[in-house]
Amino acid sequence: MPARLPTNSCDTHLHVFGDAKTYPVGNPNALYQPPQDCTVDAIKALHEAMGIERAVLVQPTIYGTDHSLLHDVLKAAPKGKYRGVAIVDDSVSDAELDRLNRVGVRGARFNFGGNFKLAPSIESFRRSLDRVRAIGWLVKMFGFGDDFLAVEAELRKIKMPAIIDHLGGPVAERGTSAPVMRMLLDLLKNENWWVGLSNGDLRSQSGEPWDDVVPFGRAFYNAAPERCLWGTDWPHVHRFIRPGKDPHAGHGIDHEFKTVHLLERYVPDRQARDRVLVHNPALFFDFN
């Protein structure tokens, strides 16, 4: 078994699911059904084995803006151990934002990935940014490669803390000189922009040990070493969307430690890795 991670290590991106009768699918365009073995107890077991003490639970797309499960899990969690990220649009009331804020939600995620059919209109996006900025939240931006180019003008207007999810969803074969990579690296010149060094295993086209995504992780780390985060992306929901067809899928402890080793290939040394695992997320997600 690999060595456990340092004290206060944080998994900054994973998803939790609950019983379908209690927490039904709320997104009519859901791409998969809730997996029954991916519960908060499973998260705790995985993190205990790895030595992860903090986590950020990101609202799964299948629940849409019904945050019942996220709220209940955060409310029951030990104080200071979990944070949450919601999906916010015009249908989410101010009262709901306040309710989520009180249990530890600290951000909103905007999904520009086409297959998920959750991309907001520009007008709705602007309204939602204004609302979450007012309560001191951060924002997470998800998309695949050129999805970000389509909203570049809007991204450049953002002055609040913001993170590019999952290495920007790169197309590995296009390399780090692709226009979208140049744009994202330019965004990182602004100190409010951060990047998640996660999901490289999924974005790889070469297969394990995922050599083709290492240049992307290194480029992002070099651009903003003090604004990089890491997460498992457990339970890797892509495997539910394409069951049996995803060669990168995995959700056990061995796979998650391999993603830590991939992080180590992005960053120059163990001290740098530990900053990504501990210091950076404590600052970004307001752990205390």
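Scroll up a little and you will see the structure.
All of these numbers come straight from a predicted model, not from anything done at the bench.

S.K.: Please set out the pairing of strand β3 (residues 82–87) residue by residue, giving values where relevant.
M.R.: Where burial is concerned, most of β3 is hidden: 6 out of the 6 residues are buried. The alternating pattern of β3 places Tyr 82, Gly 84 and Ala 86 on one face and Arg 83, Val 85 and Ile 87 on the opposite face, and all of these are buried. Alignment of strand β2 (residues 52–58) against β3, held across 4 bridges, turns out to be parallel. In the sheet register, Leu 57 faces β3, and the bridge partner there is Gly 84. Inspection of the sheet shows β3 paired to strand β4 (residues 105–111) by 4 bridges, in the parallel sense. Within β4, the position partnered with Gly 84 by the bridge is Val 105.

S.K.: So, the packing of helix α2 (residues 68–76) against helix α3 (residues 94–103): which residues are in play, and what are the values?
M.R.: For the pair α2 and α3, interaxial distance at closest approach is 8 Å and the crossing angle is 30°. Classified by the interaxial angle, the pair formed by α2 and α3 is roughly parallel. The hand of the α2/α3 crossing is left-handed. Of the residues in α3, those touching α2 at His 71, Leu 74 and Lys 75 are Arg 99, Leu 100 and Val 103. Considered class by class, the residues forming the contact of α2 with α3 number 3 nonpolar, 1 polar and 2 charged.

S.K.: Describe the side chain of Asp 201, naming the residues involved and giving the relevant values.
M.R.: Examined against the element boundaries, Asp 201 turns out to sit in helix α8 (residues 200–203). The buried charged residue Asp 201 lacks any salt bridge, with Arg 203 as its nearest oppositely charged partner at 9.1 Å. Within polar-contact distance, the side chain of Asp 201 engages the side chain of His 255 at 2.7 Å.

S.K.: Give a description of the packing of helix α1 (residues 40–50) against helix α11 (residues 253–266) that names residues and reports values.
M.R.: α11 packs onto α1 with a crossing angle of 55° between their chain directions and a minimal axis gap of 11 Å. Judged by the inter-axis angle, α1 sits oblique to α11. The two elements α1 and α11 cross, and the hand of that crossing is right-handed. Listed contacts from α11 to Leu 46, Ala 49 and Met 50 of α1 are Ile 253, Glu 256, Phe 257 and Val 260. Residues of the contact of α1 with α11, tallied by class, amount to 6 nonpolar, no polar and 1 charged.

About the thresholds
- Residues numbered from 1 in each chain as written.
- Predicted model: local features only at pLDDT ≥ 70, side-chain atom pairs only at ≥ 80, totals over all residues.
- Heavy atoms only, no water.
- Buried < 20%, exposed > 50% of the residue type's maximum accessible area, 1.4 Å probe, protein only.
- Helix = DSSP H or I, 4+ residues; strand = E, 2+ residues; numbered from the N terminus.
- Pairing = 2+ DSSP bridges.
- Axes fitted to C-alpha atoms, helices over the stretch in contact; angles between N-to-C directions.
- Parallel < 35°, antiparallel > 145°, perpendicular 65-115°, else oblique.
- Left-handed = near helix turned anticlockwise from the far one by under 90°.
- Contact = heavy atoms within 4.5 Å.
- Nonpolar A, V, L, I, M, F, W, Y, C, P; charged D, E, K, R; others polar.
- Lys, Arg positive; Asp, Glu negative; His and termini not counted.
- Salt bridge = Lys/Arg side-chain N within 4 Å of Asp/Glu carboxyl O.
- Polar contact = N/O pair within 3.5 Å; in protein donor to acceptor, adjacent residues only side chain to side chain.

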